[in-house]
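Now for the letters of each chain:
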Amino acid sequence: MTTTADEAAEITDTTGEDVGIAVDYAEILKRIPHRYPFLLIDRGEGWVKNTSMVGIKNVTFNEPFFNGHFPENPVMPGVLLIEAMGQTGAVLMSKSLDADVEGKTIFFMSIDGVKFRSPVRPGDVVRMPVKVVRHRGDIFKFRGEAYVNDKIVCEAEFAAMVVESPK
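Note that the coordinates shown come from a computational prediction; the quantities given were computed from them, not determined experimentally. (Residues numbered from 1 in each chain as written. Predicted model: local features only at pLDDT ≥ 70, side-chain atom pairs only at ≥ 80, totals over all residues. Heavy atoms only, no water.)

**Some words on the pairing of strand β6 (residues 125-136)**
For strand β4 (residues 52-58) and β6, the ladder comprises seven bridges, and the chain directions are antiparallel. Paired with G55 across the bridge in β6 is M128. Bridge analysis of β6 against strand β7 (residues 139-148) gives eight bridges, and the strand direction is antiparallel. Note that in β7 the partner of R127 across the bridge is Y147. The turn joining β6 and β7, which pair antiparallel and follow one another in sequence, is formed by two residues; a positive phi near 60 degrees is taken by G137. (Pairing = 2+ DSSP bridges. Helix = DSSP H or I, 4+ residues; strand = E, 2+ residues; numbered from the N terminus.)

**Things to note about the environment of K104**
With respect to the element layout, K104 can be found in strand β5 (residues 104-116). What makes K104 partly exposed here is its relative accessible area of 33%. For the pair K104 and V162, spaced 58 residues apart in the sequence, the C-alpha separation amounts to 6.5 Å. Those residues in contact with K104 that lie beyond four places of it in its chain are V162, V163, E164 and S165. (Buried < 20%, exposed > 50% of the residue type's maximum accessible area, 1.4 Å probe, protein only. Contact = heavy atoms within 4.5 Å.)

**Quick word on the nonpolar core**
In a soluble, globular protein the nonpolar side chains are often hidden away together inside. Core analysis: the largest hydrophobic core is formed by 37 residues, its most contacted members being M85, V120, V126 and F142. Every element with two or more residues in this core is listed here: α2 (78-97), β6, β7 and β8 (151-164). It is α2 that provides the largest number of residues to this core, a total of nine residues. Once residues lying within four places of it in the same chain are set aside, the contact partners of M85 are M128, V130, G144, E145, A146, C154, E155, A156 and F158. (Core = buried A, V, L, I, M, F, W, Y, C linked by side-chain atoms within 4.5 Å.)

**Considerations on α2**
For α2, which comprises 20 residues, the first-to-last C-alpha distance of 29 Å matches the rise-based estimate of 28 Å (1.5 Å per residue) to within 8%. Burial of α2 is extensive: 17 of the 20 residues sit out of reach of the surface. Looking one or two residues beyond α2, the residue adopting positive phi is D98, at roughly 45 degrees. (Expected span 1.5 Å × (residues − 1).)

**What about the pattern of salt bridges?**
The tally for this structure, following the rule as stated, stands at 10 salt bridges. One salt bridge connects E145 with R143, and the closest N-O pair in it is separated by 3.4 Å. On the accessibility criterion, R143 (25% relative accessible area) is partly exposed. Between E155 and R143 there is a salt bridge, with the nearest N and O atoms lying 2.6 Å from each other. Taken together, the positions of E155 in strand β8 and R143 in strand β7 put the pair 12 residues apart, joining distant regions of the chain. Each member of the salt-bridge network shares a partner with another, and the members are E27, R31, K95 and D98. (Salt bridge = Lys/Arg side-chain N within 4 Å of Asp/Glu carboxyl O.)

Dropping the structure here:
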């Protein structure tokens, strides 16, 4: 289901219950400041306020990091998987707070319990369910996982906060 920048389509499961809202590329661009080549999520699925969202990253051979990591055996760097989960959390957070994104940025505060289980390669579609563990005000703690073909490739807990941008 596709959406416009101004409207999000509700995703419904087979029982007819709402399970979340789709977040398209245009809204992601409005919610976080990242741009090519560092924007690492293509869309969001199943956004539920203050609860969860699934980030989607379509990995292509044209990604700039594959030139040096590793040309003969291309593997997406693990730190970029963490960053992609963080960007998913930032969109979830921004949309949940309905934050005025002008003059504000969401930054990592901590990253814990990181485990890398399998490499991510060109052609993979990475699904990243990110769940809110807890939040207080402008600070959120998340649990994120990354999957390729239903196989977990990475997991971590991380925290983020809203920070005023310098003027």
